[in-house]
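# Fold and contact review
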Amino acid sequence: MSSPTHEQIALVGAGPSGLAGARNLQKLGIAFQGFEAHGDVGGLWNIENPRSTVYASAHLISSKRMTEFSEFPMAASVADYPSHRELLDYFRAFAQRFGLHGHYRFDTRVLKAEPVSDTPGTRWRLTTQTGDAAPEVAEYKGLVVANGTLAEPNMPTFPGQFAGKLWHTSAYKEATQFTGQRVLIVGAGNSGCDIAVDAVHHAKSIDISVRRGYYFVPKYVFGKPADSIGGKVTLPPWLKQRIDSTILQWFTGDPVRFGFPKPDYRIYESHPVVNSLILYHIGHGDVGVRADIERCDDHTVHFKDGQARDYDLILAATGYKLHYPFLDHGLLNWQGMAPRLYLNIFAPRFDRLAVLGMVEASGLGWQGRYEQAELVARYLKALDAGSPQAAVLQTARDAGPANWPDMSGGYRYLKLERMAYYVHKDTYRKVVRATAAAFT
């Protein structure tokens, strides 16, 4: 017999972070109820999920050994850079192995989550809806939010009027959508470059409009996944940036010669583009590099360098917004482009409100999110037991952002929306692990 809802933690989401949360709550025997809007696990990696933003050719940009959950390695037969199909199989197998499906109510949306009172230890009132049934309201002991960060399109506006089609990458599913089209991709991040090389054999033409320079990292170096090489020796940021940017030019050359602006920042101060083919296709004339857009006029796009070209479709590869639609912004201490949370996890005002997955770092992988979940579960267990370690975490949390650990690792990240919750992988994991280890 399940415990009453007010004795359970509500967990929102069954993607990678949600499954990590479910597994760790389960391991510590913490009663919880999971909610997933789709009918199965996998989150965005389940292409059948209406909220999924992956496309038919999507693969990881990090290698499997740097991304997998440590307690559940991917099979040797899985590709170095798995496809979304392999990843969905992996998440299904992970959930099956640990019996996580039974903890979830699938096809159930969380419409609203609100604190019952303003006290730190308040319960949480959730309004949920399963399919087309009438909404239900129940109170839960706490709330762990893990509904992902890559589902709500960040759609820009462009000066003037464009007479063609205007899409976000979230609408892109397969290269045949571009057949016979003159396509302009806005933004040369990982998705923009992946889609460009995916579609070169179907579109009539492919151009990429960029406003800043990029660092391009090949997927393989010396025959091995690039992210699996190095990392044994910790270098000061300035030295690592100098050495790695030099080595990178040995493999990729200078992207400026392909038409990209020179980066006005140093490597690792923004997420690098991991792609072995984009410079290849630019070098073969399959993809053109254009300046930032000045304005649109009918089918003509005018660029800031004075050039102009005609297009049938503009695809905005401009990323995603953090989106927690069931929670008031103030509850998550939202400041500017993102919530300000202790360790990117804990909301300052409430003892049992946590977010999983609101963190980005080069090479963090799902194990980094798993370690977040491990910390949350240990903290909630200690809180229930009245352990002094829980109070220590709360005191550190309530000291405010000025007194929180610096997670930058000494890097000066660009002040962009997609970088608002960016951290340095090794620094972040070290702090999260140490904090979790304090709960004995």
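The sections below set out a description of the structure shown in this document. It should be emphasised that the depicted structure is a prediction, and the values quoted were computed from it without experimental measurement. (Residues numbered from 1 in each chain as written. Predicted model: local features only at pLDDT ≥ 70, side-chain atom pairs only at ≥ 80, totals over all residues. Heavy atoms only, no water.)

### Digging into the overall build of the chain
- Along its length, the chain carries eight helices and 25 strands.
- Relative to a compact globule of 440 residues, whose C-alpha radius of gyration would be 22 Å, the chain shows 23 Å and is just as compact.
- Projecting the C-alpha coordinates of the chain onto the three principal axes gives extents of approximately 65 × 55 × 45 Å.
- The burial tally for the chain puts 51% of its 440 residues in the buried class.
- Across the chain, every contact between residues at least 6 apart in sequence was considered, and the portion connecting residues at least 24 apart equals 67%.
- Accessible area of the chain: about 19800 Å², with a carbon and sulfur share of 51%.
- The positive charge centre, built from 47 side chains, and the negative charge centre, built from 43, are 5 Å apart in the chain. (Helix = DSSP H or I, 4+ residues; strand = E, 2+ residues; numbered from the N terminus. Rg over C-alpha atoms; globule rule 2.2 N^0.38 Å. Buried < 20%, exposed > 50% of the residue type's maximum accessible area, 1.4 Å probe, protein only. Contact = heavy atoms within 4.5 Å. Areas by Shrake-Rupley, 256 points an atom, 1.4 Å probe, with all protein chains shown as cover. Lys, Arg positive; Asp, Glu negative; His and termini not counted. Charge placed at Lys NZ, Arg CZ, Asp CG, Glu CD.)

### Observations concerning the environment of Leu279
- When you line up the elements, Leu279 lands in helix 5 (residues 278–283).
- Given a relative accessible area of 11%, Leu279 falls into the buried group.
- When the C-alpha atoms of Leu279 and Pro218 are compared, they prove to be 9.8 Å apart, with 61 residues separating the residues in sequence.
- If we ignore the near neighbours within four places in the chain, the residues touching Leu279 are Phe216, Thr252, Phe258 and Phe260.

### Focus: the pattern of salt bridges
- What the rule picks out here adds up to 26 salt bridges.
- Here Asp207 and Arg309 are joined by a salt bridge, their closest N and O atoms 2.8 Å apart. A residue pair is termed long-range when its members are at least 10 positions apart, and Asp207 in strand 12 (residues 205–209) and Arg309 in strand 20 (residues 308–310) qualify at 102 residues.
- Overall, Asp207 belongs to the buried group, its relative accessible area being 2%.
- In this structure Arg309 comes out as partly exposed when scored by relative accessible area, which is 31%.
- One salt-bridge network, held together by shared partners, links Lys112, Glu114, Arg123, Arg125 and Glu139. (Salt bridge = Lys/Arg side-chain N within 4 Å of Asp/Glu carboxyl O.)

### A word on the packing of helix 1 (residues 16–27) against helix 2 (residues 84–97)
- For the pair helix 1 and helix 2, interaxial distance at closest approach is 11 Å and the crossing angle is 15°. The orientation of helix 1 with respect to helix 2, classified from their angle, is roughly parallel. Classified by chirality, the crossing of helix 2 by helix 1 is left-handed. Residues Pro16, Leu19 and Arg23 of helix 1 form the contact with helix 2, whose participating residues are Phe91, Phe94 and Ala95. (Axes fitted to C-alpha atoms, helices over the stretch in contact; angles between N-to-C directions. Parallel < 35°, antiparallel > 145°, perpendicular 65-115°, else oblique. Left-handed = near helix turned anticlockwise from the far one by under 90°.)

### Considerations on the packing of helix 6 (residues 365–385) against helix 8 (residues 425–437)
- Relative orientation of the contacting elements helix 6 and helix 8 amounts to 25°, with a least axis distance of 9 Å. Of the possible angle classes, the one that applies to helix 6 and helix 8 is roughly parallel. By crossing handedness, the relation of helix 6 to helix 8 is classed as left-handed. Contacts from Gln367, Gly368, Glu371, Gln372, Leu375 and Arg378 in helix 6 reach Tyr428, Arg429, Val432, Arg433, Thr435, Ala436 and Ala437 in helix 8.

### Some details on the packing of aromatic side chains
- A full pass over the atoms with the stated rule returns 33 aromatic pairs.
- Ring geometry for Tyr268 versus Tyr411: centroids 6.2 Å apart, planes at 85°, classification edge-to-face. Residue Tyr268 is found in the loop between helix 4 (237–252) and strand 16 (273–274), and its partner Tyr411 is found in the loop between helix 7 (388–398) and helix 8; the two are separated by 143 residues along the sequence.
- A relative accessible area of 22% means that Tyr268 is categorised as partly exposed.
- Here the aromatic residues Trp45, Phe69, Phe72, Tyr90, Phe91, Phe94, Phe98, Trp366 and Tyr370 are joined through ring pairs into a cluster of three or more.
- Positioned above the aromatic ring of Phe258 is the side chain of Arg257, whose terminal nitrogen or guanidinium carbon lies 4.9 Å from the ring centre. (Phe/Tyr/Trp six-rings, centres within 6.5 Å; stacked < 30°, edge-to-face > 60°. Lys NZ or Arg CZ within 6 Å of the ring centre and 35° of its normal.)

### A look at the side chain of Glu371
- Looking at where Glu371 falls in the secondary structure, it is placed in helix 6.
- Overall, Glu371 belongs to the buried group, its relative accessible area being 6%.
- Glu371 has contacts with Arg429, Val432 and Arg433, leaving out every residue within four places of it along the chain.

### Some points on the nonpolar core
- One finds Phe178, Phe260 and Ile278 to be the most contacted residues of the largest nonpolar core, which totals 87 residues.
- For this core, the element with the highest residue contribution is helix 6, accounting for 10 residues.
- Not counting residues up to four positions away in its chain, the partners in contact with Phe178 are Trp167, Tyr172, Val183, Ile195, Ala199, His202, Ala203, Lys204, Ile206, Leu313 and Leu315.
- One finds Tyr140, Val145, Phe326 and Phe350 within the second-largest nonpolar core, a separate group that totals 25 residues. (Core = buried A, V, L, I, M, F, W, Y, C linked by side-chain atoms within 4.5 Å.)

### Re helix 4
- The end-to-end C-alpha distance of helix 4 is 21 Å, a good match for the 22 Å that 16 residues give at a rise of 1.5 Å each.
- Within the span of helix 4, buried status applies to Pro237, Gln241, Asp244, Leu248 and Thr252. Take helix 4 and look down its axis: the buried residues cluster within an arc of 80°, on one side only. Among the exposed residues of helix 4, those oriented more than 90 degrees off its buried face are Arg242 and Trp250.
- Here the buried face of helix 4 lies against strand 13 (216–217) and helix 5. (Expected span 1.5 Å × (residues − 1). Arc of directions from axis to C-beta.)

### Things to note about the sheet that holds strand 10 (residues 165–168)
- Ordered by their spatial adjacency, five strands build an open sheet running 10-21-11-12-17, and the pairing between neighbours is parallel. Each having just a single partner strand, strand 10 and strand 17 (287–290) make up the two edges of the open sheet. Across the sheet, the mean angle separating the axes of adjacent strands is 25° when strand polarity is ignored.
- Bridge analysis of strand 11 (residues 182–186) against strand 12 gives five bridges, and the strand direction is parallel. Paired with Leu184 across the two strands is Asp207, which belongs to strand 12. (Pairing = 2+ DSSP bridges.)

### Things to note about the sheet that holds strand 18 (residues 293–298)
- A sheet is described by the order of its strands in space; here four strands give the open sequence 9-18-19-20, paired in mixed fashion. Edge positions in the sheet fall to strand 9 (160–162) and strand 20, since each of these pairs with one other strand and no more. The sheet shows a mean angle of 35° between the axes of neighbouring strands, direction not considered.
- When strand 18 meets strand 19 (residues 300–303), the two strands line up antiparallel, connected through four bridges.

Keep in mind that these numbers describe shape and distance, not what the molecule does.
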